[in-house]
Protein chains: 2
Amino acid sequence: MKPMMKSKPDQDCLHGGVYSVNPGLVQLDFSSNVNPLGISKHLLRDLYSELNSLCTTYPDPLCRELKNSILDYLGIGLDPSWLLIGNGATELIHIFARTFIRRNVVISAPTFCEYELSARRAGATVKFVPLKNWKPDTEKILKESTNGCDAVFLCNPNNPTGILSTVSMRQIIENISSDTQIFIDECFIELVDEGDKKNTMIEMVSDYKNLVILRSMTKSFCLAGIRLGYCVCNPKLINRMLENKISWNVNGVAQKLGTMVLKDPSYLEKSKRLIQRERNFMMNELGKTTKFSPMLSDVNFFLIDVSNQSSVEVRNYLLSKRGILVRDCSTFTGMGLRHIRVAVKKHIENTTLIDAFKSMGP
Amino acid sequence: MKPMMKSKPDQDCLHGGVYSVNPGLVQLDFSSNVNPLGISKHLLRDLYSELNSLCTTYPDPLCRELKNSILDYLGIGLDPSWLLIGNGATELIHIFARTFIRRNVVISAPTFCEYELSARRAGATVKFVPLKNWKPDTEKILKESTNGCDAVFLCNPNNPTGILSTVSMRQIIENISSDTQIFIDECFIELVDEGDKKNTMIEMVSDYKNLVILRSMTKSFCLAGIRLGYCVCNPKLINRMLENKISWNVNGVAQKLGTMVLKDPSYLEKSKRLIQRERNFMMNELGKTTKFSPMLSDVNFFLIDVSNQSSVEVRNYLLSKRGILVRDCSTFTGMGLRHIRVAVKKHIENTTLIDAFKSMGP
């Protein structure tokens, strides 16, 4: 990683997923980081019984039922005025930026590209603080986030590394100017091995009026298709963000499905066990190869160092020869051609991926 | 209507629908203007068979399949670069405003409140041009839309009047400065008696680079719950609006359902016959009362003049005594307490509404 970090030349925010390539080529998508457990059939049957009214009548613009389910699930004693529901977490990143960002922002990078895109769209200058040994450089982030810094964007665990940095998060919250908004994306925190309770900063919203926590039901509950995320922060911030929200931003099917998945308390526990077991299996198998070195991760995806191969070539090879899509990380600001990212999926799929890597040489 | 038209004092954009009141009170919602024909059961069954993958995998950020279906349906020889799909028509109104509006706009009013809201959020001054005999005042609109006017908002047929003004639309398009964007909301045009072909301005997008046509699948195909709309305009405008669109703004269920409904060519014909027959029935019956005078309309809703009663009181009475929700029009900029708006629904529902009106006196 270079000390002076620049955006990718085209300033695009490129994502993985089957639509990042010719979708017809993809038989197995390891580039999307969603919970491998999927949705239960009985839940889809229940949804079907309400599908007619969910599709034909206007959804609640305030998502009241869903907000109550989320508050019950979080169990941290907040009321609905502390919540904002989005058409995916991405919508909330952009609403946040349009509301609070004018001058400049600090982004700990590499990370999810939507923070940068949203800040640039709001007209801000972006200062990147490179990760230090793959962790946020807390000291530098605090130093850079002075003099007109509207917001700091952080992601815990980070994407694409999958690494938790809980101590850094706390230090930044406690030491940053109260004029700077702290946006912490916790979209993967419910899937870390030890659970979110020890790592989330969500309860600190009561004490820090400049703290916004982002969660994604897309990732945690495998609802990528329906787009569902939420922000938790002080009602004063929520009220300002509401001025940039459209009516009916979350459709009826998404609101209902979000409410339904939260009713199964064992789902996330099962998911975490599956992820931990399968990630260990994948890392262990990859450790037997010489060309692919898995990097430690706390969550349902991890980086693989492809050494002197090119991440683009590895991605293209796996796609064209095996129909497997992995995430080429060269499109992340601050990353070169040395890493790909893979999701942890179900055992049979992971085995197929490992076989494909092994076929590329000892 | 006063000559100097002001926004409602709270500058809120208030909508009808069951969530505008206590939803538990509403047994019949006549305040939402969606196609009364609903969705067919076999279509929902087909959707169910794909529901798992639609919910769990990322949707196409470019909505390619849906765009192709819309282009086939429109049949006007455009390619996908002329289309932008939105999370409901409302999202597109706001994307349009964020992209093109800075200084001031002209709105023919009363009309749908989201135009005003989107323009104010973009920091613009709003000049209202009052309807003249319930039709757009073409001359005044052209006169006002000079000197830094970024956009004119029009709605054909208009909401809440339900009246077509096709000649005005054409005159405004042909005579306005090419520096001013013309935004024509045609969200109800597919439901007018004589069909959209004679009335739509959609083919003029080829000749007028400043013309944006908005369509809503919410209204025409009874998909209010899933949020789906689209804009048709010159690709140069689309490309600028794309800079304000988020990734994955249209969820997977919405994209698929939108594609499916367009495959039934008889749906809109059946809908229009139902609407015309039922609107005539409702108007005829209301004509027999002395307290409620229906106003002519071209589409699936119409205004009722409540004369010296108050629209708020009529709304509240019907809701509390009959569980029927109608739209009190006093929340539209430029309207007083003299009108309510009702949707045309199925015969049994319309009969219930008529009975309720008749119960209020001869």
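Residues numbered from 1 in each chain as written. Chains lettered and ligands numbered in written order. Predicted model: local features only at pLDDT ≥ 70, side-chain atom pairs only at ≥ 80, totals over all residues. Heavy atoms only, no water.

Any chance you could explain the domain arrangement of chain A here in plain terms?
Think of interface size as the accessible area that goes away when the parts come together; that is how it is often given. All names here are of chain A. The domain architecture assigned to chain A consists of domain 1 (18–38 + 266–358) and domain 2 (41–261). Each of domain 1 and domain 2 was reduced to a C-alpha centroid, and the two centroids are 25 Å apart. Taken together, the two surfaces of domain 1 and domain 2 that pack against each other cover about 2,200 Å², and 65% of this comes from carbon and sulfur. Here domain 1 is connected to domain 2 by one salt bridge. A salt bridge links Arg279 to Asp193, with the nearest nitrogen and oxygen atoms 2.5 Å apart. Counting the contacts that link domain 1 with domain 2 gives nine residue pairs in polar contact (both at pLDDT 80 or more). (Domains from an automatic or database assignment. Buried area = accessible area lost by both parts, 1.4 Å probe. Salt bridge = Lys/Arg side-chain N within 4 Å of Asp/Glu carboxyl O. Polar contact = N/O pair within 3.5 Å; in protein donor to acceptor, adjacent residues only side chain to side chain.)

Sorry, what's going on with the sheet that holds strand β13 (residues 339–343) of chain B here?
Pairing between the strands of a sheet comes from backbone hydrogen bonds, and it takes one of two forms, parallel or antiparallel. Residues and elements named next belong to chain B. Reading across the sheet, the four strands line up as β9-β10-β13-β12 and stay open at both edges, with antiparallel pairing between neighbours. Lying at the two open borders of the sheet, with one neighbouring strand each, are β9 (293–294) and β12 (327–328). Examined bridge by bridge, β9 and strand β10 (residues 301–305) share two bridges and lie antiparallel to one another. When the bridges of β10 are listed, Ser293 appears paired with Asp305. Where helix α11 (residues 267–287) meets the sheet, its contacts fall on β9, β10 and β13, and the angle it forms with β10 comes to roughly 5°. (Pairing = 2+ DSSP bridges. Helix = DSSP H or I, 4+ residues; strand = E, 2+ residues; numbered from the N terminus. Contact = heavy atoms within 4.5 Å. Axes fitted to C-alpha atoms, helices over the stretch in contact; angles between N-to-C directions.)

Before we go on, may I ask you to explain helix α10 (residues 252–261) of chain A in this structure?
Among the 10 residues in α10(A), 10 count as buried, and that is most of the element. Where α10(A) is concerned, the buried positions are Gly252(A), Val253(A), Ala254(A), Gln255(A), Lys256(A), Leu257(A), Gly258(A), Thr259(A), Met260(A) and Val261(A). Here the buried face of α10(A) lies against α1 (41–49), α2 (51–56), α3 (64–74) and α8 (217–220) of chain A together with α2 (51–56) and α10 (252–261) of chain B. (Buried < 20%, exposed > 50% of the residue type's maximum accessible area, 1.4 Å probe, protein only.)

What is the right way to read the relation of the copies chain A and chain B from this model?
The operation relating the two chain copies consists of a rotation about an axis and a shift along that axis. Overlay of chain A on chain B (RMSD 0.0 Å): rotation 180°, translation along the axis 0.0 Å. Classification of the inter-copy transformation places it as that of a two-fold axis. Looking at the rotation axis and the C-alpha trace of chain A, the residue lying nearest is Tyr48(A), at 3.3 Å. Most of the interface of chain A is mirrored in chain B, where 100% of its interface residues again form contacts. (Least-squares fit on C-alpha atoms with pLDDT ≥ 70 in both.)

Any chance you could explain the interface of chain A and chain B here in plain terms?
Counting residues at the interface gives 48 residues for chain A, matched by 48 residues for chain B. Run the count over chain A and chain B and you get zero salt bridges. Here chain A and chain B share 22 residue pairs in polar contact (both at pLDDT 80 or more) between them. Among the secondary structure elements, those contributing two or more residues to the side of chain A that touches chain B are α1, α2, α4 (89–100), α5 (114–121), α8 and α10 of chain A. Among the elements that line the side of chain A that touches chain B, the one with the most residues is α2(A), at five residues. Grouping the amino acids of the side of chain A that touches chain B by side-chain chemistry returns 22 nonpolar, 15 polar and 11 charged. (Nonpolar A, V, L, I, M, F, W, Y, C, P; charged D, E, K, R; others polar.)

Where do I start with the pairing of strand β7 (residues 211–216) of chain B in this structure?
Successive side chains on a regular strand alternate, one facing one side of the sheet and the next facing the other. Residue and element names in this part refer to chain B. Counting buried positions along β7 gives six out of six residues, so the element sits mostly inside the fold. The alternating pattern of β7 places Leu211, Ile213 and Arg215 on one face and Val212, Leu214 and Ser216 on the opposite face, and all of these are buried. In the sheet, strand β6 (residues 181–185) pairs with β7 via four bridges, with the strands oriented parallel. Note that in β7 the partner of Asp185 across the bridge is Leu214. Bridging between β7 and strand β8 (residues 229–232) involves four bridges; their strand directions are antiparallel. By the bridge assignment, Arg215 is partnered in β8 with Tyr230.

Can you walk me through the packing of α4(A) against helix α9 (residues 235–242) of chain A in this structure?
The axes of two packed helices give the description: the angle between them and the distance between them. All names here are of chain A. Where α4 contacts α9, the axes come no closer than 9 Å and their chain directions differ by 95°. Between α4 and α9, the angle falls in the class roughly perpendicular. In this structure, α4 uses Ile95, Phe96, Thr99 and Phe100 to contact α9, whose residues at the interface are Leu237, Arg240 and Met241. Broken down by class, the residue content of the contact of α4 with α9 amounts to five nonpolar, one polar and one charged. (Parallel < 35°, antiparallel > 145°, perpendicular 65-115°, else oblique.)

Would you take a moment to explain the pairing of strand β4 (residues 125–130) of chain B for this structure?
Residue and element names in this part refer to chain B. Taken together, the six bridges between strand β3 (residues 104–109) and β4 define a ladder with parallel strand orientation. Looking at β4, one finds that Val106 is bridged to Lys127. Between the parallel elements β3 and β4, the chain passes through helix α5 (residues 114–121) in a crossover that is right-handed. (Right-handed = clockwise from strand over helix to strand, strands pointing away.)

Teacher, can you tell me more about the packing of aromatic side chains here?
Each aromatic ring pair is described using two quantities: the centre-to-centre distance and the angle formed by the ring planes. Residue and element names in this part refer to chain A. On inspection of all chains with the given rule, the structure shows 25 aromatic pairs over all chains. For the ring pair Phe292 and Phe357, a centre distance of 4.6 Å and an interplane angle of 50° mean the geometry is tilted. A residue pair is termed long-range when its members are at least 10 positions apart, and Phe292 in the loop between α11 (267–287) and β9 (293–294) and Phe357 in helix α13 (residues 347–358) qualify at 65 residues. The same class applies to Phe292 as to Phe357, namely buried. Through a chain of ring-to-ring contacts, three or more aromatic side chains come together here, namely Phe96, Phe100, Phe112, Tyr115, Phe153 and Phe183. One cation-aromatic arrangement involves Lys345 over Phe30; the distance from NZ or CZ to the ring centre is 5.6 Å. (Phe/Tyr/Trp six-rings, centres within 6.5 Å; stacked < 30°, edge-to-face > 60°. Lys NZ or Arg CZ within 6 Å of the ring centre and 35° of its normal.)

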